[in-house]
Each structure stands twice: as C-alpha cells, then as structure tokens.
Amino acid sequence: MNHEEGEDDNNNSITKNNHLLKCKLVDTYGIQASQETERSTDDTLSIYSRFIRLQTQIDPDVEELKSAQDILEKIKLVTEKQNKYGDASLFSRTWVPKSKKKNTGSSNDEIMDENNALTIMQFNTLAEGLSVGPGIKTPFDSPRSKASSSTSSSSSSSNKNSKKIYGGFTSVKHPEECLLFQKRKWRLLDVILNSLPDENQDITASSSSSLDALGPDIIAMEEVDRFHGFFEPTLEKFGYRGLFVPKFVSPCINLGWYSDGNALFFKRDAFKLISLRQDSYSGFNQVYMIATLLHKKTGKQIVVAVTHLKASSSIALDDVRRSQALELLQVVEEEVSKVIKYHSHGVDDHTTTTTTNSVMPSQHNGVSAASANTNNNKNNNNIPVFLLGDFNADPDDPCTTEDGIPLSSSPSKDSSLPCCLADLPSDSFFLSWKSSYDLEDKEGNNNSIYTTWKRRGDYVAKRVIDYILYGEGVKCTHTLSIPSEDEIGENLLPSLRHPSDHISIAAKFLI
C-alpha cells in the first residue's frame with residue numbers, strides 16, 4: 001500500500017483505510033513522527049500484521065549543521081570526547097587484492113578503465129532501539145507495556161530489563177559512551193565516510209570540492225531506525241540519495257522505539273534511480289528492496305538488492321531463511337528480466353518506482369524515479385547484479401530442509417556463500433554467484449574472517465553473516481580488510497573504535 005497523499009498537516013491527523021490506521025505523532029522528545037498500524041486478520045488482541053513508526057523530523061543537532069564540513073567537524077568533536085575514555089580511532093583498514101588464482105567473476109580479460117569501477121559497502125549499523133542503556137527515556141510507550149498491568153503510568157518508559165540493557169552488550173567498556181546513540185550515530189557516519197583506505201585521511205581537512213568523493217559509491221545498511229532523522233539528511237550533504245524500507249513489525253516497536261529497516265544509499269553524480277521494488281517476505285516481518293540504477297559513466301543498468309533475513313538459530317529458522325532467500329532470488333530475477341527485456345526490445349517497462357508496502361513518510365527527494373536516457377546504454381544481457389545484506393547465515397552453517405535433511409552441497413561451488421543459498425536448482429539464474437570475501441586469508445586460515453564478533457554475557461559469537469554477493473558481468477578486484485583479533489580486543493564489538501556489533505565490509509568492482 002502506498003503512502004496516501006493529501007493527509008492533513010496537523011500532528012493529530014488520522015487516516016483509516018479498512019484495517020489500516022495512519023496517524024501523525026510527536027514523541028516524548030518533541031520530535032514529529034508518523035505511524036501505520038494494521039491488526040492481524042485473526043483478531044487476536046495486541047497482535048499487528050503491520051506496526052510501522054518512523055521519525056519524520058530531522059534531528060535538531062543535524063538541522064543546525066549547514067554543510068558537509070560542519071558534519072565532519074561534528075564527527076571530529078565526538079571522537080575527541082570519546083578519546084578521553086580510550087582509543088576511539090577507527091580501525092586501520094586496507095584494500096586486499098583478490099587472489100589471481102581465484103575466479104573473481106568476470107570472464108572478460110580486457111583492460112577496464114576507472115569509468116567501470118565502483119565501490120560497495122555493506123553495514124549492519126545496530127539499531128538504537130536494540131542497544132539503549134538503562135534509564136534512557138523511550139520515544140514511545142511499548143505496545144506490550146501498555147497491555148501489561150505492571151506498567152508504570154508514566155507517559156515515557158525506561159529500559160529496565162537487565163537482559164536488554166545496552167542490547168545485552170554488558171562487557172563493552174564505557175557503554176554509556178560508545179552505545180549512546182546521540183554519539184554513536186556520528187561514529188557510524190565516520191565509518192561510512194572515513195574507513196575506506198582511499199579516503200583514510202583527516203577528513204576535516206578536505207576541501208569542499210572533494211567532500212562528495214568521501215565514502216563508497218553504494219551503501220547497504222540494516223537495522224536503520226533513524227533514516228529520515230539522521231542518515232538521509234547527513235549523507236545527502238555528501239552527494240548521496242537514500243532509499244528506505246521499514247520492517248512491518250520491528251522488534252524496536254515493542255521496546256518503545258522507532259521501526260528499523262533496510263536502507264540503500266548511492267552517489268547522485270554516479271547513478272540515477274530507474275526503479276524500486278520493496279516488500280516484506282511472505283508471512284514474515286523481514287523486508288527487502290531491489291533498486292535498478294543507471295550507472296551514468298557507462299550507461300549500464302545495474303540491479304542492487306538489500307535484505308536482512310530472519311535472525312536466531314534453529315532448524316526451523318534455517319528453513320525460514322532459506323525460504324526468504326529463495327523468494328528474494330525470484331523477485332530479483334524478475335527485476336533483471338525487465339532490464340533484459342528493455343535491452344532486447346527497447347521497451348522500458350519499469351521507469352517508475354514500484355512499492356508494494358508503505359514507505360512513509362515520502363522520501364525527501366521523492367520516491368518516483370525518472371526515465372533513463374537510454375540512447376547511450378551500452379549494456380547487453382549480462383546485467384550486473386549485487387545482493388547485499390545480513391543473511392544471519394554462515395557459509396558453514398548446518399542448514400537443513402524442513403524435514404531436517406542437511407543441505408551439504410552447493411552447485412555454485414563457492415563455499416563463501418551463505419548456506420541458505422546452497423543447492424540451488426541447476427538452471428538457477430544465481431548458480432554462478434560469488435561472495436566478494438574469501439573465507440581463507442593469505443595464510444589459508446579460515447578463522448580470521450568474520451563480519452560480527454560480539455559477547456552477550458557468556459555467549460560469544462564470531463560469524464560470517466554479512467555478504468556482498470555478485471553475479472555475471474562483474475569483477476571483484478579488492479575487499480576491505482577485516483580488523484585482527486589484537487585490534488578488536490577482548491571486549492569485542494561494539495566498542496569505542498567501532499560503533500556496531502557488525503564490521504562494515506566493502507569491495508571494489510569493475511562492471
């Protein structure tokens with residue numbers, strides 16, 4: 001369902017559409033918000049099939065910053081304050097060339113110039129609502145707490161559940177500093193703009209002409225619950241356009257916070273949005289988005305999908321993740337087919353944005369995509385396709401079918417793929433897909449690679465669950481190095497040096 005136009009501008013506006021209720025709100029911090037709710041069809045009390053709550057007002061501390069340079073100064077100020085508690089510098093990271101012995105994806109041996117190059121980052125940013133500390137005032141009452149007789153009568157609540165304090169990251173040093181979102185959000189931005197080696201410099205010294213060059217060309221992000229208030233308005237000043245799809249019923253809602261979801265950012269001077277498709281998986285809250293972008297330098301159209309699959313480990317949830325992955329592959333193939341149809345017949349049937357769930361509020365830059373100037377489109381049917389996200393599945397997980405039968409082999413012949421993509425049909429469009437990261441390092445040690453490494457109580461998780469996957473017509477040339485065990489330290493992630501429990505990963509490609 002699309003966001004309805006013509007809604008009243010006052011804060012108490014309410015729109016009803018059958019079971020769907022839309023309204024405008026003001027949170028306990030005085031920030032404007034919007035909300036969509038829809039009861040599930042089984043009429044069970046307090047159960048929603050849709051409960052989406054989004055911030056619609058830019059954060060006051062962002063609104064007062066008028067330029068990209070102001071934002072960089074703010075990042076520097078926050079980092080300097082955190083340095084008083086320990087080393088708050090970002091991890092030193094380098095570009096690691098892909099092994100020439102491995103097939104990196106492209107069968108084309110011709111020399112490609114920099115016009116074909118692009119850089120992609122994947123980053124689960126750790127939602128504010130899943131990492132807050134004790135005594136922090138929540139923006140809203142929790143739907144669960146409202147129904148509970150033991151809930152305080154206060155109009156705002158505090159997170160007092162010890163299992164949920166700081167998201168369970170109780171071993172993190174100085175969590176009040178590194179997990180307080182009013183500071184952590186600036187460090188997340190720091191990672192995005194300043195962790196790539198080509199830009200590994202004092203960013204506050206950059207000239208205004210070079211600020212648009214900071215950061216990767218494309219960014220995929222998960223667990224984003226401050227898109228409209230923070231990430232979109234700040235990254236816009238560095239030349240990005242942002243897209244966002246919220247979860248239908250985010251776990252953050254039950255804790256009194258905003259909905260989290262997936263975001264995709266791309267450089268405006270490098271890409272033009274051709275189409276956007278987004279929805280939730282059948283019967284689940286997890287969501288995906290698929291954007292078709294025109295790469296302006298080459299005239300090629302590329303397809304980029306972003307997702308966050310079901311979390312938690314069990315045989316049943318292995319099956320859920322596999323079902324979600326297969327559903328996503330089917331939708332991606334449909335979008336690729338549209339691009340191929342255009343190239344084959346000159347018919348562009350997807351030059352306007354398609355949304356199959358509400359993405360309220362409307363994007364600052366508009367949701368509709370303009371038609372591409374296709375006269376210079378040089379692409380053939382070998383469409384570059386990228387699949388980015390947190391799959392919550394390791395390459396070596398014991399994934400099973402719903403009957404408990406292990407999925408032990410993968411026709412893709414790439415053990416770096418998430419296990420939920422194992423054993424694809426022999427005629428699958430995605431059979432030759434690859435992961436940008438190899439599981440083994442240069443010494444052949446396969447235990448040094450991870451994308452999340454964290455401790456909650458006595459439980460330690462060191463896993464590869466975040467991926468940058470790519471298909472035919474693409475060559476991966478470099479990947480961003482992963483911090484060593486010595487760099488991470490015994491308290492693991494998140495930390496003063498890295499503001500999320502997931503490491504940002506990135507790769508360089510030729511298309």
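Residues numbered from 1 in each chain as written. Predicted model: local features only at pLDDT ≥ 70, side-chain atom pairs only at ≥ 80, totals over all residues. Heavy atoms only, no water.

With that out of the way, let us pick up the overall build of the protein chain. Looking only at helices and strands, the protein chain has eight helices and 19 strands in total. Excluding contacts between residues fewer than 6 apart, the proportion of contacts in the protein chain whose partners are at least 24 apart in sequence is 73%. Here the protein chain displays about 21900 Å² of accessible surface, and carbon together with sulfur accounts for 46% of that area. (Helix = DSSP H or I, 4+ residues; strand = E, 2+ residues; numbered from the N terminus. Contact = heavy atoms within 4.5 Å. Areas by Shrake-Rupley, 256 points an atom, 1.4 Å probe, with all protein chains shown as cover.)

The next point concerns the confidence of the model for the protein chain. When pLDDT is averaged across the protein chain, the result is 82; 74% of the residues are at 70 or more. Across residues 361–380, where pLDDT falls below 50, the model places 58 contacts with residues more than four positions away in sequence or in other chains. (pLDDT = per-residue confidence, 0-100.)

Further remarks concern the pattern of salt bridges. If you walk through the whole model with that rule in mind, you get 17 salt bridges. The closest approach of N and O atoms between Glu38 and Arg50, which form a salt bridge, is 3.6 Å. With Glu38 in strand E3 (residues 32–39) and Arg50 in strand E4 (residues 48–55), this residue pair connects regions lying 12 residues apart in the sequence. You'll find Glu38 and Arg50 in the same group, each marked buried. Ionic pairing is found between Arg187 and Asp190, a salt bridge with its closest N-O pair at 3.5 Å. Here Arg187 and its partner Asp190 are both found in helix H5 (residues 181–194), three residues apart, which amounts to about one turn of the helix. (Salt bridge = Lys/Arg side-chain N within 4 Å of Asp/Glu carboxyl O. Buried < 20%, exposed > 50% of the residue type's maximum accessible area, 1.4 Å probe, protein only.)

What follows concerns the sheet that holds strand E17 (residues 466–470). Judged by pairing direction, the sheet is mixed, and its six strands sit side by side in the order E10-E11-E12-E13-E17-E14 without closing on themselves. Only two strands of the sheet have a single neighbouring strand rather than two, namely strand E10 (271–280) and strand E14 (434–435). Pairing geometry for strand E13 (residues 385–390) and E17, over five bridges, is antiparallel. Bridge pairing in E17 links Asp390 to Asp466. (Pairing = 2+ DSSP bridges.)

Angle between the axes and distance between the axes: these two values describe a pair of packed helices. Taken N-terminus to C-terminus, the directions of H5 and helix H6 (residues 227–236) make an angle of 40°; their axes are 11 Å apart at the nearest point. With respect to H6, the element H5 is oriented oblique. Once H5 is placed against H6, the crossing between them reads as right-handed. Of H6, the residues touching H5 (which contributes Lys185, Trp186, Leu188, Leu189, Ile192 and Leu193) are Phe230, Phe231, Thr234 and Leu235. (Axes fitted to C-alpha atoms, helices over the stretch in contact; angles between N-to-C directions. Parallel < 35°, antiparallel > 145°, perpendicular 65-115°, else oblique. Left-handed = near helix turned anticlockwise from the far one by under 90°.)

Trp186, Ile218, Phe265, Leu293, Ile302, Phe386 and Phe509 are the most contacted members of the largest nonpolar core, which has 109 residues in total. Those residues in contact with Ile302, other than ones at most four positions away along the chain, are Leu118, Ile218, Phe271, Ala291, Thr292, Leu293, Pro384, Phe386 and Ile511. Within the second largest apolar cluster, nine residues are counted, among which are Phe169, Cys178, Leu179 and Leu496. (Core = buried A, V, L, I, M, F, W, Y, C linked by side-chain atoms within 4.5 Å.)

This model, assessed by the stated rule, comprises 15 aromatic pairs. Measuring from ring centre to ring centre gives 4.7 Å for Phe430 and Trp433, while their planes differ by 70°; the resulting arrangement is edge-to-face. There is no split in this pair, since Phe430 and Trp433 are both buried. Relative to Trp453, the ring of Tyr450 has its centre 5.2 Å away and its plane inclined at 65°; by these criteria the two rings are edge-to-face. On the accessibility criterion, Trp453 (8% relative accessible area) is buried. A connected cluster of aromatic rings, assembled from ring pairs, spans Phe227, Tyr240, Phe244 and Phe265. Here Arg50 stacks its cationic end above the ring of Phe248, 4.6 Å away from the centre of that ring. (Phe/Tyr/Trp six-rings, centres within 6.5 Å; stacked < 30°, edge-to-face > 60°. Lys NZ or Arg CZ within 6 Å of the ring centre and 35° of its normal.)

All right, on to the packing of helix H2 (residues 68–82) against H5 then. Axis separation between H2 and H5 bottoms out at 9 Å; the angle between their running directions is 115°. For the crossing formed where H2 meets H5, the hand is left-handed. Two secondary-structure elements touch here, H2 through Ile71, Leu72, Lys74, Ile75, Val78, Thr79 and Gln82 and H5 through Lys183, Trp186, Arg187, Leu189, Asp190 and Leu193. Class assignment of the residues belonging to the contact of H2 with H5 gives a composition of seven nonpolar, two polar and four charged. (Nonpolar A, V, L, I, M, F, W, Y, C, P; charged D, E, K, R; others polar.)

Another aspect to go through is the sheet that holds strand E5 (residues 95–97). Read across the open sheet, the seven strands follow the order E5-E18-E19-E6-E7-E9-E8; overall the sheet is mixed. Edge positions in the sheet fall to E5 and strand E8 (240–246), since each of these pairs with one other strand and no more. Direction aside, neighbouring strands of the sheet carry axes that sit 20° apart on average. Alignment of strand E7 (residues 218–224) against strand E9 (residues 261–267), held across five bridges, turns out to be antiparallel. Paired with Met221 across the bridge in E9 is Ala263. In this fold H5 packs onto strand E6 (117–124) and E7, with an angle of close to 155° to the strand it touches most, E6.

Looking now at the pairing of E10. Extensive coverage of E10 is indicated by the burial of eight of its 10 residues. Counting the residues in the hairpin turn of E10 and strand E11 (residues 287–295) gives six residues, including Gly283, whose phi is positive at 80°.

This next bit is on the environment of Asp87. Following the sequence through the fold, Asp87 ends up in the loop between H2 and E5. When its relative accessible area of 45% is taken as the criterion, Asp87 is described as partly exposed. For Asp87, the contacting residues outside a window of four places in its chain are Leu496 and Arg497. Within polar-contact distance, the side chain of Asp87 engages the side chain of Ser89 at 2.7 Å. (Polar contact = N/O pair within 3.5 Å; in protein donor to acceptor, adjacent residues only side chain to side chain.)

This paragraph deals with H5. An α-helical segment advances 3.6 residues per turn. Residues three or four places apart therefore align on the same side. A rise of 1.5 Å per residue sets the reference length of H5, with its 14 residues, at 20 Å; its end C-alpha atoms lie 19 Å apart and thus fit the reference within 8%. Among the residues of H5, those classed as buried are Phe181, Arg184, Lys185, Trp186, Arg187, Leu188, Leu189, Asp190, Val191, Ile192, Leu193 and Asn194. Packed against the buried residues of H5 are helix H1 (60–63), H2, E6, helix H4 (175–178), E7 and H6. (Expected span 1.5 Å × (residues − 1).)

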